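What follows is the residue order along each chain.
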Amino acid sequence: MMEQLLSTALVGMRSTTQLLAASWPATLFTALVGWIIGGYLYRSIRRPNPSEPPMVNYWIPFIGSMVSFGMNPVQFLQKNREIYGDYYTFLMFGRRMTYCLGVDGNNAFFNARLADANAEEAYASLTVPVFGEGVVYDVPNHMLMDQKRFAKGGLTADAFRLYVPIIVKEVEDYFARWHEPSGVGNIHEAMAQCIVNTATHCLMGREIRAMMDDTVAQLYEDMDKGFTPLNFLFPSLPLPAYRRRDRAHAKMSALFQSIIDARRASTDAPPDDMMTALMNSHYKDGRRMSDKEVGNLMIALLMAGQHTSSATTTWAILYLADRPALVEALREEQRKCLGDDLATPIAYEHLRDMRLLDAVVRETLRLRPPIVTAMRKVMRPMTVAGGKYVVPAGHYLGSSPALTQLDPTYFKEPLQFEPTRWLDNNSATADEEETAGDQVDYGFGTIKLSGARNPYLPFGAGRHRCIGESFAYVQIKTILATMLRLFDLAPGPKGFPEMDFTSLVVLPAKPAQITYRRRQ
Ligand code: HEM
């Protein structure tokens, strides 16, 4: 069999050579084709190492499966899961990526020991140039855990009570520019702006928000352009976008420093916001956060929430635009919470009672999670699949709860947008039974270890679990509730958009439009 395949390849190479004449480019071309075909055939017939996860075959050396993965990672992972099972490896731009899928795979990935699998080795090249030094993946994991604790100190229920009216006002002000009584609007552009305005106002403070319309917006955009798959593969290149990214970071950092200086010099009571919380934070060893770290962590928090929350809010509105009955049920829910004339302003307490609205956000995150894959670098050989495989050091470990979120084992009619599925069962966990020793505190609050063996994980799990979930819910629910008061919605002329996988966060493909009619 092997001999037959190799002789077919050789005959093919020989006839290709004859066709192209015996010049050196033809020889080079033939050698290349022979190398590619020979490599593919060799990998097809080679006996795999049974202790390592199976390897997805590929045609082009080094590039491997990059193109098919990049075009639609969820489809790629699902297709190969059907062939190889829950654990397999593929090559992507010279890196060996081993994915852990299914609920056990989610658990293996998110609860991996720190010594086995490390996030900073996987993410730092992308994040450090944008966030800056001394924070998140530029510091040892125990410092990141401290920093997550500090940030949580600015995300309390008391802070949320202050944030809700700020968000309502920001959304009303933004949509004043949709002054026609009806029309077609670019909803993704609108939501990206509403999220950045509300996040800067709530988390960064009024000083930064006041500069948002000119200085900060441009700096933000230049930093954001440093967050692309190209930056992930090449952290620094002599390109204008890279230089703009670095300049923007330096200016933003200086801006935060000037605000910190002004706040320290002032005798007024400091505002109750994230910056104040961070300025008074101390690491476990007693050291206070430096001003530079405060500024850089503020940048990191702003960037972490921007595309994730704006994509989620956009998808939610696109789903609602297609479902007038659901919109009516949501308005009825508002009337129940706020009174028939809706005269009471929305407050944090009302949001908590809006369970159907909550379910809309949950269901949106199930079908359109903005982060479809998370990554770690394997630091020492790591056993997975109950001991069946050992993942070698140097591989990247990947996880995609997006797959279990679409799995019919856990979700009836998984492709349907059906928020009411969350009203009966709020946890979505088939086996979320707490066991002894299940609670763990990595430094930023207690979480359940068993939480990672869960089909629904849009905010991740374990030590790298998102700390922005509660803020994101407050922000997204307030924006949606306000939108439903302002407008009647219908789909845009181009219909429901496809998913765009070309950026690191999954966004709605352009144009993401809705048709709106202003309500009285
Ligand atoms: C981590 C999703 C909003 C701050 C994560 C992770 C996910 C996620 C999946 C885990 C990544 C990993 O394990 O590699 C989301 C979604 C959001 C959202 C879907 C909105 C819908 C926010 C917001 C903030 C934030 C608003 C800040 C206010 C963070 C931080 C981490 C994190 C600090 C921890 C990173 C780590 O420990 O490595 N988020 N996020 N996120 N997120 Fe979010």
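Residues numbered from 1 in each chain as written. Predicted model: local features only at pLDDT ≥ 70, side-chain atom pairs only at ≥ 80, totals over all residues. Heavy atoms only, no water.

Draft legend 1. Here's a closer look at the overall build of the protein chain. Each helix and strand counted, the protein chain has 21 helices and 14 strands in total. A compact globule built from 520 residues should have a C-alpha radius of gyration of about 24 Å, and the protein chain, at 25 Å, falls within 12% of that. The dimensions of the protein chain, computed from C-alpha atoms along their principal axes, are 80 × 55 × 55 Å. Scored against the burial criterion, the 520 residues of the protein chain give a buried share of 51%. For the protein chain, restricting intrachain contacts to residue pairs at least 6 apart in sequence, the fraction spanning at least 24 positions comes to 71%. On the protein chain, roughly 24300 Å² of surface is accessible, and the fraction owed to carbon and sulfur atoms is 57%. For the protein chain, the distance from the average site of its 55 positive side-chain charges to the average site of its 55 negative ones is 5 Å. (Helix = DSSP H or I, 4+ residues; strand = E, 2+ residues; numbered from the N terminus. Rg over C-alpha atoms; globule rule 2.2 N^0.38 Å. Buried < 20%, exposed > 50% of the residue type's maximum accessible area, 1.4 Å probe, protein only. Contact = heavy atoms within 4.5 Å. Areas by Shrake-Rupley, 256 points an atom, 1.4 Å probe, with all protein chains shown as cover. Lys, Arg positive; Asp, Glu negative; His and termini not counted. Charge placed at Lys NZ, Arg CZ, Asp CG, Glu CD.)

Draft legend 2. Representation of the site of the ligand in the model. In the region of the ligand, 26 residues are neighbours, and Tyr 123, Tyr 137, Lys 148, His 464 and Cys 466 sit closest. The contact in question runs from an oxygen atom of the ligand to an N or O atom on the side chain of Lys 148, over 2.7 Å. Between the ligand and the protein, one listed contact pairs an oxygen atom with a side-chain N or O atom of Arg 376 at 2.8 Å. Put simply, the parts of the chain that give the shell around the ligand at least two residues each are α7 (141-152), α15 (291-321), β5 (374-378) and α21 (469-486). Element by element, the count of residues in the shell around the ligand is highest for α15, at six residues. A breakdown of the residues in the shell around the ligand according to their chemical character gives 15 nonpolar, seven polar and four charged. (Near = heavy atom within 4 Å. Polar contact = N/O pair within 3.5 Å; in protein donor to acceptor, adjacent residues only side chain to side chain. Nonpolar A, V, L, I, M, F, W, Y, C, P; charged D, E, K, R; others polar.)

Draft legend 3. Representation of a positive patch on the surface. Together, Arg 243, Arg 244, Arg 247 and Lys 251 give the surface a local cluster of positive charge. Position of Lys 251 relative to the elements: it lies in helix α13 (residues 240-265). On the accessibility criterion, Lys 251 (52% relative accessible area) is exposed. (Patch = residues over 30% accessible without salt bridge, like charges linked within 9 Å, V, L, I, M, F, W, Y side chains within 5 Å. Salt bridge = Lys/Arg side-chain N within 4 Å of Asp/Glu carboxyl O.)

Draft legend 4. How the structure looks around a nonpolar patch on the surface. Taken together, the side chains of Ile 37, Trp 59 and Ile 60 present a nonpolar region at the surface, about 280 Å² in accessible area. Take Trp 59: it is sitting in the loop between α2 (24-45) and α3 (66-71).

Draft legend 5. Expanded view of the UniProt feature "transmembrane region" (unreviewed entry) in the protein chain. Listed under "transmembrane region" (unreviewed entry) in the UniProt record, and renumbered for this structure, are residues 20-42 and 54-71. What you have in residues 54-71 is 33% helix and 0% strand, and the ends, taken at the C-alpha atoms, are 22 Å apart. (UniProt positions renumbered as here; feature names shortened; annotations may be inferred.)

Draft legend 6. Representation of the sheet that holds strand β14 (residues 513-518) in the model. Across the sheet, which stays open at both edges, the three strands sit in the order β4-β14-β11 with antiparallel pairing between neighbours. Single-partner strands in this sheet number two, and they are β4 (182-186) and β11 (487-491). Strand-to-strand twist in this sheet, taken as the mean axis angle between neighbours without regard to direction, amounts to 35 degrees. Across five bridges, the pairing between β4 and β14 is antiparallel. From the neighbouring strand, Ser 182 faces β14, where its bridge partner is Arg 517. Helix α9 (residues 187-204) rests against β4 and β14 of the sheet, and its axis sits at about 70 degrees to β4. (Pairing = 2+ DSSP bridges. Axes fitted to C-alpha atoms, helices over the stretch in contact; angles between N-to-C directions.)

Draft legend 7. Structural view of the nonpolar core. By size, the foremost hydrophobic cluster in this structure holds 152 residues, and its most contacted members are Phe 90, Phe 175 and Ile 187. Among the elements that line this core, the one with the most residues is α15, at 16 residues. Ignoring sequence-local partners within four residues, the contact set of Phe 90 consists of Met 55, Val 56, Ser 65, Phe 69, Phe 76, Leu 77, Arg 95, Arg 96, Met 97 and Tyr 99. (Core = buried A, V, L, I, M, F, W, Y, C linked by side-chain atoms within 4.5 Å.)

Draft legend 8. How the structure looks around the side chain of Thr 313. Summarising the element assignment, Thr 313 is placed in helix α15. For Thr 313, a relative accessible area of 0% gives the class buried. In terms of polar contacts, Thr 313 uses its side chain to reach the backbone carbonyl oxygen of Ser 309, at 2.5 Å.

Draft legend 9. Representation of the side chain of Thr 198 in the model. Here Thr 198 shows up in helix α9. On the basis of relative accessible area, Thr 198 is assigned to the buried category, the value being 0%. Apart from the residues within four sequence positions on either side, Thr 198 is in contact with Ile 167, Glu 170 and Gln 475.

Draft legend 10. Layout of the sheet that holds strand β8 (residues 396-399). Pairing within the open sheet is mixed, and its five strands lie in the order β1-β2-β8-β5-β3. Because the sheet does not close on itself, it has two edges, and the strands there are β1 (87-92) and β3 (117-118). Note: strand β2 (residues 95-100) against β8, four bridges, orientation parallel. Looking at β8, one finds that Met 97 is bridged to Tyr 396. Of the strands in this sheet, β3, β5 and β8 touch helix α6 (residues 119-131), which is tilted by about 120 degrees from β5.

Draft legend 11. Representation of the layout of surface pockets in the model. Taken as a whole, the second largest pocket spans an internal volume of roughly 500 Å³. If you go around the second largest pocket, you meet 17 residues; those closest to its centre are Tyr 348, Glu 469, Ser 470, Tyr 473 and Val 474. Considering every element that reaches the lining of the second largest pocket, the biggest residue donor is α21, with five residues. (1 Å grid on protein atoms, 1.4 Å probe; cavity = no way out; pocket = protein on both sides within 12 Å on 5 of 7 lines; lining within 4 Å. Points joined across faces, edges and corners; volume = space filled by probe spheres on them.)

Draft legend 12. Expanded view of the environment of Pro 401. Summarising the element assignment, Pro 401 is placed in helix α19 (residues 401-404). Considering only alpha carbons, one finds Pro 401 and Cys 100, 301 residues apart in sequence, at a separation of 9.5 Å. Non-local contacts of Pro 401, meaning those with residues more than four positions away in its chain, are made with Asn 106, Phe 110, Pro 455 and Leu 457.

Draft legend 13. Highlighting the coordination of the iron atom of the ligand. In this structure the iron atom of the ligand is ligated by exactly one protein donor, Cys 466 (SG), at 2.3 Å. With respect to the element layout, Cys 466 can be found in the loop between β10 (446-448) and α21. (Donors = N, O, S within 2.8 Å, 3.2 Å for Na, K, Ca; no water.)

Draft legend 14. Highlighting the environment of Leu 357. With respect to the helices, strands and loops of the structure, Leu 357 is situated in helix α18 (residues 355-367). Note on Leu 357: relative accessible area 2%, which makes it buried. Linking Leu 357 and Arg 331, residues 26 residues apart in sequence, is a C-alpha distance of 9.6 Å. Once you skip the residues sitting within four places of it in the chain, Leu 357 turns out to touch Leu 330, Glu 333, Lys 477, Leu 480 and Ala 481.

Draft legend 15. Up close: the confidence of the model for the protein chain. The predicted model of the protein chain averages 91 in pLDDT, with 93% of residues at 70 or higher. When the criterion is pLDDT under 50, residues 427-433 qualifies, and its contacts beyond four places in sequence or with other chains add up to 14 contacts. With a pTM of 0.92, the predicted complex shows an ipTM of 0.99. (pLDDT = per-residue confidence, 0-100.)

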